[in-house]
Amino acid sequence: MALLQIAEPGQSSVPHQRRFAVGIDLGTTNSLVATVRSGVTETLADDDGNHLLPSVVRYQPDQTPVVGTLAKSHAVTDPFNTIVSVKRLMGRGVADLKSLGEQLPYKFADTDSTVPRITTAGGDVSAIEVSAEILKSLKDRSERTLGDELVGAVITVPAYFDDAQRQATKDAARLANLNVLRLLNEPTAAAVAYGLDSGQEGVVAVYDLGGGTFDISILRLTQGVFEVLATGGDSALGGDDFDHAIAEWIMPQVGLDESTIDPSIARLLLREACKAKEALSENDQVELDIELSENQRWFGLLTRDQFNQLVDPLIKKTLMACRRAMRDAGIEKNEIIDVVMVGGSTRALRVREQVGDFFQQEVLVSIDPDRVVAIGAAIQANALAGNDPDGGMLLLDVIPLSLGIETMGGLTEKIIHRNTPIPVSRAQDFTTYKDGQTAMAIQVVQGERELVSDCRSLAKFELRGFPPQVAGAARIRVSFQVDADGLLSVTAKEETSGVEAHVEVKPSYGLNDSEIETMLRESMDYASDDMKARSLREQQVEADRVIEALDAAMAEDGEDMLEADERDTILSASELLIQMRQTSETAQEIKLAIEDIERASAGYVAKRMNASVQKSMAGHKVEEFTVEEEKP
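Residues numbered from 1 in each chain as written. Predicted model: local features only at pLDDT ≥ 70, side-chain atom pairs only at ≥ 80, totals over all residues. Heavy atoms only, no water.

### Brief notes about the overall build of the protein
The secondary structure content of the protein amounts to 14 helices and 27 strands. The burial tally for the protein puts 50% of its 632 residues in the buried class. In the protein, the proportion of contacts linking residues at least 24 apart, taken out of those at least 6 apart, comes to 67%. Total accessible area computed for the protein in this model is approximately 30800 Å², and 47% of it derives from carbon and sulfur atoms. (Helix = DSSP H or I, 4+ residues; strand = E, 2+ residues; numbered from the N terminus. Buried < 20%, exposed > 50% of the residue type's maximum accessible area, 1.4 Å probe, protein only. Contact = heavy atoms within 4.5 Å. Areas by Shrake-Rupley, 256 points an atom, 1.4 Å probe, with all protein chains shown as cover.)

See the structure below:
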């Protein structure tokens, strides 16, 4: 029998009502928004029919910021107030600007904040605020096109964005009043789009070269599960650098010096370089006609061969990252069934040629490389909004660098290892080092090296107020949780008392690409040295423990229990251990000194144990300590 569902007037559910969600590709050069309508995934256009929104924002006094094409048109004439490539600043600190200064001709406010603020005619703004304006524009476009309010968005980020850069992206979305359903790695989004399109299973390489970032991801596709085996890349390398290479080739020919060039002329050269790059995707050569001033005009010719020579070093850097990612994934080239090309810069024929030669196969370009990321994000957003619960792919992204805490001696104890699929939760138990300890300082670190000094500190917090106990008796559980967006939270809890402390890791700026690559490379180059250093530090910590325990015991009852010669022997061994702790460069020497002091004090330890037993039994009968045999 069919059941009739009764509802109040105007409150019945509409059978075909959908919850509108979108996928947003927040790009360095251009951004897009896409959605699923009537079973078709499509990018949304603005009122003029343009799908790509230039990621450019212009600020003027007492005016609403202008976003997109109109803002981009002022990039040459008003460079200080027109912000481009802001994605490169997301999650960065003031100190990071040195590596980006040549490509970011802005004025930065002189503040005490670790977050850079760009000085414009409309006021000082951060990268987060600039990105929020771009997201607002895409949100408004979506709601006008769909005719309804959005329930949320899946926003894509480079796979190599670290915790700070991801958090900055979420903060920008919050400023834009946009509910983030999930942050999704750009290559993974592309895999969603291509996976649904091809239905294949196996290992896939996603080569994503955008305007300002490069990512390579090695993914395994199995029955709808997209698992990222390894990631790599460069968060400050992209098509913008191709433009810079062409512009630098032009400068000496027109008598310009890069160190003294006017920002407006620099923008003009970059704009013309970009046009030439795009034209060479279809032509063997392109004529250049650049009006530098009213009285100066320059004509030139750029051939495809010359262009190839200019960009080959940049492409080579991306291929080095591809090789590292394959090594991390533990796979060979012949295991890769497809190479997916993503990002507008992969339109360059030289890029497709070099990547195809490297992977020894024809690359996939059947989906518009500018739109594929937004399309994949829209598919995932549609599923997360509840419109297609059976069609959502399971996405297993990974963390790029190991996470752990500092232990005694400045050692790194890794709790979650790099390339672990996320979301993930891991916990590990630790204990106290000294008697009567009621607090513990916890430093969260990121990196592959054995010593904290060689890793990056993410956060510090303290667990206080747990009851004092003898060293080693307390049980403190440290739990790490990385959510689906790659954001980390850490909790420390003393198990017996329930005292707990918590920190959400939100550093003020992120790792740049060279720091990440250096961390990974050094973890392999110095693996043997690191293990020796760790062993040495562990023995130093053990020596400190032995010396401290012996000093406490001697101060308590050494005079009463030991003869003079016994005491001299123990003190001599202790002095030797102290000396070896301070001067020895090998763990074995300290270990032997610890064994010497243990032998020298063996009789003393036995006397203390006997005295302890006698003290415990004083006033009791032996029968009280006899355990009666249990009868069946």
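### Details of the environment of F161
Here F161 is to be found in the loop between strand 10 (152-157) and helix 3 (163-175). The exposure class of F161 is buried, given its relative accessible area of 3%.

### Some remarks on unusual backbone geometry
A positive phi is found at N177, a non-glycine position, where the angle reads about 55 degrees. With respect to the helices and strands, N177 occurs in the loop between helix 3 and strand 11 (180-185). Relative accessible area serves as the criterion here: at 61%, N177 is assigned to the exposed category. Positioned with a positive phi, Q360 is a non-glycine residue whose angle comes to about 60 degrees. Within the element layout of this structure, Q360 appears in the loop between helix 8 (349-359) and helix 9 (372-384). Looking at Q360, the relative accessible area reads 63%, which means it is exposed.

### Re the pairing of strand 19 (residues 403-407)
Bridge analysis of strand 19 against strand 20 (residues 411-416) gives five bridges, and the strand direction is antiparallel. Its bridge partner being in strand 20, L403 is matched across the sheet by I416. Joining the antiparallel neighbours strand 19 and strand 20 is a turn of three residues, in which G409 adopts a positive phi near 90 degrees. Strand direction decides the pairing type here: strand 19 and strand 23 (residues 439-446), joined by three bridges, are antiparallel. From the neighbouring strand, G404 faces strand 23, where its bridge partner is V445. (Pairing = 2+ DSSP bridges.)

### Quick word on helix 3
In this model, helix 3 (13 residues) spans 18 Å end to end at C-alpha, consistent with the 18 Å of a helix rising 1.5 Å per residue. Counting buried residues in helix 3 gives ten out of 13 residues, a clear majority hidden from the surface. Every buried residue belonging to helix 3 is among D163, A164, Q165, R166, Q167, A168, T169, D171, A172 and A173, and all of these are buried. Tucked inside the fold, the buried residues of helix 3 contact helix 2 (127-146), strand 10, strand 11 and strand 26 (488-494). Directly beyond the C-terminal end of helix 3, a positive phi value near 55 degrees is found at N177. (Expected span 1.5 Å × (residues − 1).)

### Re the nonpolar core
By size, the foremost hydrophobic cluster in this structure holds 51 residues, and its most contacted members are Y207, I216, I218, L269, V351, V355 and F359. Looking at this core, the element that brings in the most residues is helix 7 (residues 304-329), giving ten residues. Core analysis: the next-biggest nonpolar cluster, separate from the first, contains 40 residues, I24, L44, Y106 and A153 among them. (Core = buried A, V, L, I, M, F, W, Y, C linked by side-chain atoms within 4.5 Å.)

### Side note on the packing of aromatic side chains
Two numbers describe a pair of aromatic rings. These are the distance of the centres and the angle of the planes. The final tally for this structure, using the stated rule, is three aromatic pairs. Ring geometry for Y207 and F214: centres 4.8 Å apart, planes at 55 degrees, overall tilted. Accessibility assignment for this pair places Y207 and F214 in one class, buried. Ring geometry for F358 against F359: centres 4.9 Å apart, planes inclined by 85 degrees, an arrangement best described as edge-to-face. (Phe/Tyr/Trp six-rings, centres within 6.5 Å; stacked < 30°, edge-to-face > 60°.)

### A short note on the side chain of Q443
When you line up the elements, Q443 lands in strand 23. Since its relative accessible area comes to 12%, Q443 is described here as buried. Within the structure, Q443 has its side chain in polar contact with the side chain of E406 (distance 2.6 Å). Dropping the residues within four chain positions of it, Q443 is found in contact with G404, I405, E406, V452, S457, A459 and K460. (Polar contact = N/O pair within 3.5 Å; in protein donor to acceptor, adjacent residues only side chain to side chain.)

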